[in-house]
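Notes for the structure review
Next come the chains, spelled out residue by residue.
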Amino acid sequence: MTQAVAAGTLVGGTPLQVRVEVDVPPWLQHPDPLGCLARQDLFFPPDYTQHYRDRIEAAKALCADCPVRDLCLAWAVPQADLEGIWAATTPPDRRRLRRAAREAAA
Ligand code: SF4
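What you see is a predicted model; the values in this text were computed from it and never measured.

1. Here's the deal with the overall build of the protein chain
Regarding its fold elements, the protein chain presents four helices and two strands. When the helices and strands of the protein chain are read in sequence order from the N terminus, they spell out β-β-α-α-α-α. Burial analysis of the protein chain (106 residues in total) assigns 15% to the buried set. Long-range pairs, those at least 24 residues apart, make up 40% of the contacts in the protein chain with a sequence separation of at least 6.

2. Notes on the site of the ligand
The ligand sits among eleven residues. The nearest are Cys36, Cys63, Cys66, Arg69 and Cys72. Only α2 (53-64) and α3 (69-76) provide two or more residues apiece to the shell around the ligand. Of the residues that constitute the shell around the ligand, the class distribution is ten nonpolar, no polar and one charged.

3. A short note on helix α4 (residues 91-105)
The terminal C-alpha atoms of α4, which comprises 15 residues, lie 21 Å apart, in line with the 21 Å expected from a rise of 1.5 Å per residue. Counting buried residues along α4, only one of its 15 residues qualify, which leaves the element largely exposed.

4. Some thoughts on the confidence of the model for the protein chain
Here the protein chain averages 80 in pLDDT, and 69% of its residues register 70 or above. Summarising per-element confidence for the protein chain, the mean pLDDT is lowest in strand β1 (residues 2-9) (52) and highest in α4 (94).

5. Regarding the nonpolar core
Formed by Cys36, Leu42, Phe43, Ile56, Ala59, Cys63, Cys72, Ala76, Ile85, Trp86 and Ala87, the largest nonpolar core amounts to eleven residues. Looking at this core, the elements that each hand over two or more residues are α1 (40-43), α2 and α3. Of the residues forming this core, the biggest block, three residues, is contributed by α2. Ile85 has contacts with Phe43, Ile56, Ala59, Lys60 and Thr90, leaving out every residue within four places of it along the chain.

6. Section: unusual backbone geometry
A positive phi angle, close to 50°, is found at Ala87, a residue other than glycine. Note that Ala87 resides in the loop between α3 and α4. For Ala87, a count of 22 C-beta atoms within 10 Å puts it in the buried group. Of note, Ala88 is a non-glycine position whose phi angle comes to about 65°, a positive value. With respect to the element layout, Ala88 can be found in the loop between α3 and α4. The exposure class of Ala88 is partly exposed, given the 19 C-beta atoms found within 10 Å.

Rules behind the numbers
Residues numbered from 1 in each chain as written. Predicted model: local features only at pLDDT ≥ 70, side-chain atom pairs only at ≥ 80, totals over all residues. Helix = DSSP H or I, 4+ residues; strand = E, 2+ residues; numbered from the N terminus. Buried ≥ 20, exposed ≤ 12 C-beta atoms within 10 Å, placed from the backbone. Contact = placed C-beta atoms within 7 Å. Near = placed C-beta within 6 Å. Nonpolar A, V, L, I, M, F, W, Y, C, P; charged D, E, K, R; others polar. Expected span 1.5 Å × (residues − 1). pLDDT = per-residue confidence, 0-100. Core = buried A, V, L, I, M, F, W, Y, C linked by C-beta atoms within 7 Å.

Next up, the structure:
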């Protein structure tokens, strides 16, 4: 478990800082070689709606060139309760991937 901080600004200019605990894959813990844990503003948006589309797309763009993306995807997809963007997937994306895998296996 690793603690991460997301900071931002609410409408009206009120600063907001949220501390979250997330399970972090071992390859990111010591240290975070790819920098994604340092970009909590992008990788942990408050939700995954169109409202945060720009942040989500920016996170996905960073993942696109990541050398451990396949490893990250294999780690993230099976975890039903995993928050955040991992391997260019949001939680709704991963739900769709799990559903597709179940259907393909049926
Ligand atoms: S694929 Fe994305 S979330 Fe996963 S380690 Fe790489 S940059 Fe981070």
